[in-house]
Amino acid sequence: MTSKYKAKLENSGDQESRSDADEHQLFRQAMAGIKPLKNDEIEPLSARQKVNRKRHKQQKQAIKQVQDVVNDTFSDNFEGYLGDDKINYTAPGESRYLTKQLKRGEFAPEILLDLHGLTVAQAKQELAAMLTACENELITCCSVMHGHGTGVLKKQLPHWLIQHPAVRAFHQAPRAYGGDAAILILLQSPE
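Residues numbered from 1 in each chain as written. Predicted model: local features only at pLDDT ≥ 70, side-chain atom pairs only at ≥ 80, totals over all residues. Heavy atoms only, no water.

Per the stated rule, a full pass over the model turns up two salt bridges. Note that Glu106 and Arg104 form a salt bridge whose closest N and O atoms lie 2.9 Å from each other. (Salt bridge = Lys/Arg side-chain N within 4 Å of Asp/Glu carboxyl O.)

See below:
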């Protein structure tokens, strides 16, 4: 009885070895003409490469964020009502006392942007970048130097600032912070 059992096992083993041989033959036929890879592993990045990739990604995100502010917030055709010739503005819902505090110099700017010599398009980009940086760095007061020049930037700057949602108030800077060639801006504090 054991011999019959062994014979059946040997016959099934022969069939398995034949089917394995057939499968190997089919595989070889399917892979004919294919060159093997020399290295199928990717070399890991060095620490410097990882840092550079992360920095590059952050720079791209920052540029996109500034472009979004420029494209979505600032319109060159918008002209907000500013009242008299003095440059001052208080956002709706904010106290008018803020502009008086800005005028007196009670808020000191934590960052300064100088727009001297820039075109209107360049100035718009730089202003958007500064406002984005202020939001990211939790800065609540900044100053923008527009200079005297032809007066184009002095005229356009307040209209851009009115459109930005983070601007609480702005006023022509006191003499210590640039006088009539600069604007002092108060931004919303983070919650």
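Attention shifts here to the packing of helix α4 (residues 120-137) against helix α5 (residues 152-163). The interhelical angle for the contact between α4 and α5, taken along N-to-C directions, is 40 degrees, at an axis separation of 11 Å. Between α4 and α5, the angle falls in the class oblique. Judged by the sense of rotation from one axis to the other, the crossing of α4 with α5 is right-handed. Across from Val120, Ala123, Lys124, Leu127 and Leu131 in α4, the residues of α5 making contact are Val152, Leu153, Leu157, Trp160 and Leu161. Residue composition of the contact of α4 with α5, grouped by class: nine nonpolar, no polar and one charged. (Axes fitted to C-alpha atoms, helices over the stretch in contact; angles between N-to-C directions. Helix = DSSP H or I, 4+ residues; strand = E, 2+ residues; numbered from the N terminus. Parallel < 35°, antiparallel > 145°, perpendicular 65-115°, else oblique. Left-handed = near helix turned anticlockwise from the far one by under 90°. Contact = heavy atoms within 4.5 Å. Nonpolar A, V, L, I, M, F, W, Y, C, P; charged D, E, K, R; others polar.)

Within a regular beta strand, the side chains point alternately toward one face of the sheet and then the other, so they alternate between its two faces. Examined bridge by bridge, strand β1 (residues 88-90) and strand β4 (residues 167-172) share three bridges and lie antiparallel to one another. Each residue of the ladder has a partner; that of Tyr89, found in β4, is Phe170. In this structure, β4 lies alongside strand β5 (residues 182-187), joined through five bridges in antiparallel fashion. For Ala169, the partnering residue across the bridge sits in β5 and is Leu186. (Pairing = 2+ DSSP bridges.)

A separate point is α5. With twelve residues, α5 extends 18 Å from end C-alpha to end C-alpha; this agrees with the ideal 16 Å at 1.5 Å per step. The set of residues buried in α5 consists of Leu153, Gln156, Leu157, Pro158, His159, Trp160, Leu161, Ile162 and Gln163. Where α5 is buried, its residues meet β1, α4, β3 (141-145), β4 and β5. (Expected span 1.5 Å × (residues − 1). Buried < 20%, exposed > 50% of the residue type's maximum accessible area, 1.4 Å probe, protein only.)

What follows covers unusual backbone geometry. Unlike most non-glycine residues, Leu138 shows phi in positive territory, near 60 degrees. For Leu138, the position within the fold is in the loop between α4 and β3.

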